[in-house]
There are 2 protein chains.
Amino acid sequence: MISNKMKKLTANNSTIRAMFEEGKKLAKIYGEENVFDYSIGNPNVEPPENIKSIINEILNEESPNLVHGYMNNSGYEDVRTSISDFINKKHSLNLNKDNIVMTCGAAGGLNILLKTLLNPEDEVITFAPFFGEYKNYVENFDGKLVVVEPDTTTFEPNLDALKEKITNKTKALIINTPNNPTGVIYSDKALKDLATVLNEKQQELGTTIYLISDEPYREIVYDNAEVPCILKYYKNSFIGYSYSKSLSLPGERIGYVVINNEMDDFEDVISSLNVANRILGFVNAPSLFQRVIAKCLDAEVDVNIYKRNRDLLYNHLTKIGFDCIKPQGAFYLFPKTPIADDKKFCEDAKKFNLLLVPGSAFGCPGFVRLSYCISYEKIEKSLSAFTKLAELYNLK
Amino acid sequence: MISNKMKKLTANNSTIRAMFEEGKKLAKIYGEENVFDYSIGNPNVEPPENIKSIINEILNEESPNLVHGYMNNSGYEDVRTSISDFINKKHSLNLNKDNIVMTCGAAGGLNILLKTLLNPEDEVITFAPFFGEYKNYVENFDGKLVVVEPDTTTFEPNLDALKEKITNKTKALIINTPNNPTGVIYSDKALKDLATVLNEKQQELGTTIYLISDEPYREIVYDNAEVPCILKYYKNSFIGYSYSKSLSLPGERIGYVVINNEMDDFEDVISSLNVANRILGFVNAPSLFQRVIAKCLDAEVDVNIYKRNRDLLYNHLTKIGFDCIKPQGAFYLFPKTPIADDKKFCEDAKKFNLLLVPGSAFGCPGFVRLSYCISYEKIEKSLSAFTKLAELYNLK
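The name recorded for chain A in an unreviewed UniProt entry is Aminotransferase, from Clostridium weizhouense. Listed in UniProt under the heading Sequence similarities (unreviewed entry), the comment for chain A reads: "Belongs to the class-I pyridoxal-phosphate-dependent aminotransferase family."

Here you go:
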């Protein structure tokens, strides 16, 4: 009696749940300490210590009806002003509160953006490998996700393939940088070239193509890498941001959307995002945490913890013969599987108690994702299991 | 360039904003203390004092990665168990954690329910007067809201009219008790009769008709009134609940859905609600506040503050000649307008700096809604304005 759409989605979900249950089964047999779960992107680094004192400060100093009350559906105006000031300073921009809509994480942000933009049958393009939820978000609004095949040598946007996919039904393009699952940060050149393609296509087709940059990993970067600001490259651009990773607050559902000043139909878009936040049932981003993040805009979790993990795992995997791009950001490795069948590879990995996610889940078969947001000690302990897995395939 | 659906909705929103701006304009001319805004349902009573110490307790005692982290999309299992235990004790039921899905307020709950149930063109029925957002929520999933005309003598469900509206396209019925805008609590008899109608129609049509009881005002009741528990009346029933009003935490977006044990396709429905929470972008109800409410399940705001407001305003309005049902719950009065044109009446009220919402906004013209969740002093000060408004119409 549930809807036809949900019947399919619920069946898919059972597969994910089955994987989760299998992990629990392995833990029961071999002991939790001997099972190496690289499948989940749940930050293990603690939130900054001062979050606690900031919450206390707010509860002691501000009126409870302000802290826990309704506000404009786009969020508290003072919070949005603080965020726009912060971005302006960092990227020499000229934003104000109207450019910011507070959202229930990046997932909430992407949903209100797609609700705002999509008519039924509209197409949204993304580059493989991509976060699987994009398909669901687009289909929530009867749109169609169109996937551009990956450039597996660099994992930068595959622009030649993109050109072929853009039609007059293309309403938006979603990019994700730093990327889940590859850890690649799209370069200045890649973004410039991407903007050129989009501008040419807009002109050629007489349409507007919106670019949505999903950036929950913006602050999780290594070796002084910088994430270019998309607003400077392309006028019809949005940023979807979340504090889930940068402050390790994924359960609190707090993030925002940035709307480029120069965007086509700017006023309509911001009004619509406000209404979409309301009618999709978010109403507003959680109020206390709006006020919390405004007080720690430059706080960050200790990224070095992830860096140590990356280095340990990346160095070991490449040493024993895996082929893998060194991630510049996020907390994932995306090595090539030694056999084309990445699902078979993940089954084999399970024999050594390694839980990995096949690249197929990201539209990129022949690869495998490892989430290294687990403890350093666990990674150390898992290395011999990877060695055995490599030996199984006679790597090196 | 925004979607066609959103174009219409954004235009409507401008009307609401215009009303809000007009209020601000009046405040500027006459001083804020002389403008009486009865238009907004934003709780003015403070949250229970212990919310602050409970938050502190949680932050001090629990691991930050638990408190602020991801959990099952349906919510923390221990929180859901506490809630089901609490409901069991109160209503002698036999629920467990599987019957509870934690949601981003009642608005989030209604949206995941409708996402779960509706195929395009499915019909959802509600009784006028009704909360205007129901239409938007239903249309989010391409359903159609069908409105049953009100029984304006009692504002109990109009069952004769309901029977006429049920077809084989009817997927669900939404009720709201205690009711916004009337303050009426649906009686034991009304709910029994409603269940009889639904059961007969299910049998006649060979369909399942789900009943969704939207109950954000469940705890805001007066004179020892009780709100019957819908789960005992009808097996295909859900409750949508929110702590927005009972704990004055509307900005925190915390609530839950209860799924009746006896429901058709119970397993599919709970799986689908879990997936819907995830893919609509809620992901999960805000984590800290899930843990907060589990620790104060029997806490309530001071309902006497609303009761004093109700009595003051109700007694005055009926004394000066308005015709109005005495609300048993929620924080609204819904008097009949002395002229049929409720919009004209609201325009007239504005001349005395009274901001009211026409019943038309709730599908019930000829009435007007007053939200009395404002200060007692403000209500006292406004009484003479109501008297002048009554005189304008020669009431009494």
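Caption draft 1: Looking closely at the sheet that holds strand 12 (residues 368-371) of chain A. Residue and element names in this part refer to chain A. Taken together, the 3 strands give an open sheet; going across it, the order is 9-12-11, and neighbouring strands pair in antiparallel fashion. Bordering the open sheet on either side are strand 9 (332-333) and strand 11 (357-358), each of which pairs with just one other strand. Taken together, the 2 bridges between strand 11 and strand 12 define a ladder with antiparallel strand orientation. Each residue of the ladder has a partner; that of Pro358, found in strand 12, is Val368.

Caption draft 2: Fine view of the pairing of strand 7 (residues 237-242) of chain B. All names here are of chain B. Extensive coverage of strand 7 is indicated by the burial of 6 of its 6 residues. Here strand 7 shows two buried faces, one formed by Ser237, Ile239 and Tyr241 and the other by Phe238, Gly240 and Ser242. As paired elements, strand 6 (residues 210-214) and strand 7 share 4 bridges and run parallel to each other. The residue of strand 7 that forms the bridge with Leu211 is Ser237. Here 5 bridges tie strand 7 to strand 8 (residues 255-259), and the two strands are oriented antiparallel to one another.

Caption draft 3: The arrangement of the interface of chain B and chain A in detail. Each side of the interface is counted separately: chain B has 74 residues, and chain A has 74 residues. Interface area for chain B against chain A, summed over the two sides, is near 6,000 Å², with a carbon-plus-sulfur share of 52%. Put simply, A:Arg278 and B:Glu133 hold a salt bridge, and the shortest N to O gap is 2.8 Å. Secondary-structure elements contributing two or more residues to the side of chain B that touches chain A are helix 1 (4-30), helix 2 (50-61), helix 3 (64-67), helix 5 (105-117), helix 6 (133-140), helix 9 (243-246), helix 10 (266-279) and helix 11 (287-294) of chain B. Among the elements that line the side of chain B that touches chain A, the one with the most residues is helix 10 of chain B, at 9 residues. The residue makeup of the side of chain B that touches chain A, split by class, is 33 nonpolar, 28 polar and 13 charged.

Caption draft 4: The relation of the copies chain B and chain A, seen in detail. Overlaying chain B on chain A yields an RMSD of 0.0 Å, the required transformation being a rotation through 180° with an accompanying axial translation of 0.0 Å. Considering both components of the superposition, the chain copies are consistent with a two-fold axis. In this assembly the copies share their binding face: 100% of the residues contributing to the interface of chain B also contribute to that of chain A.

Caption draft 5: Spotlight on the state of the cysteines. By the definition in use, this model includes 0 disulfides over all chains. Cysteine B:Cys364 remains unbridged, with the sulfur of B:Cys324 as its closest cysteine sulfur at 12 Å.

Caption draft 6: Just the packing of helix 5 of chain B against helix 10 of chain B, in detail. All names here are of chain B. Two numbers describe how helix 5 lies on helix 10: the axes approach to 9 Å, and their chain directions differ by 120°. Here helix 5 is positioned oblique relative to helix 10, judged by the angle of their axes. Crossing hand, helix 5 versus helix 10: right-handed. Mapping the contact onto sequence places Ile112, Leu113, Lys115 and Thr116 in helix 5 and Val269, Ser272, Leu273, Ala276, Asn277 and Ile279 in helix 10. For the contact of helix 5 with helix 10, the class distribution of residues is 6 nonpolar, 3 polar and 1 charged.

Caption draft 7: Broad picture of the side chain of B:Ser248. Examined against the element boundaries, B:Ser248 turns out to sit in the loop between helix 9 and strand 8. With relative accessibility at 2%, the residue B:Ser248 sits in the buried group.

Caption draft 8: Region of interest: the UniProt feature "domain: Aminotransferase class I/classII large" (unreviewed entry) in chain A. Within the UniProt annotation, "domain: Aminotransferase class I/classII large" (unreviewed entry) is assigned to residues 35-385 of chain A. Spanning residues 35-385 of chain A, this segment combines 40% helix with 14% strand, and its end C-alpha atoms are found 10 Å apart.

Caption draft 9: Structural view of the environment of A:Ser371. Residue and element names in this part refer to chain A. Mapped onto the elements of the fold, Ser371 is located in strand 12. The sequence separation of Ser371 and Ala106 amounts to 265 residues, and the corresponding C-alpha distance is 19 Å. At 3.4 Å, the side chain of Ser371 forms a polar contact with the side chain of Arg369.

Calculation rules
- Residues numbered from 1 in each chain as written.
- Chains lettered and ligands numbered in written order.
- Predicted model: local features only at pLDDT ≥ 70, side-chain atom pairs only at ≥ 80, totals over all residues.
- Heavy atoms only, no water.
- UniProt positions renumbered as here; feature names shortened; annotations may be inferred.
- Pairing = 2+ DSSP bridges.
- Helix = DSSP H or I, 4+ residues; strand = E, 2+ residues; numbered from the N terminus.
- Buried < 20%, exposed > 50% of the residue type's maximum accessible area, 1.4 Å probe, protein only.
- Contact = heavy atoms within 4.5 Å.
- Buried area = accessible area lost by both parts, 1.4 Å probe.
- Salt bridge = Lys/Arg side-chain N within 4 Å of Asp/Glu carboxyl O.
- Nonpolar A, V, L, I, M, F, W, Y, C, P; charged D, E, K, R; others polar.
- Least-squares fit on C-alpha atoms with pLDDT ≥ 70 in both.
- Disulfide = S-S within 2.5 Å.
- Axes fitted to C-alpha atoms, helices over the stretch in contact; angles between N-to-C directions.
- Parallel < 35°, antiparallel > 145°, perpendicular 65-115°, else oblique.
- Left-handed = near helix turned anticlockwise from the far one by under 90°.
- Polar contact = N/O pair within 3.5 Å; in protein donor to acceptor, adjacent residues only side chain to side chain.

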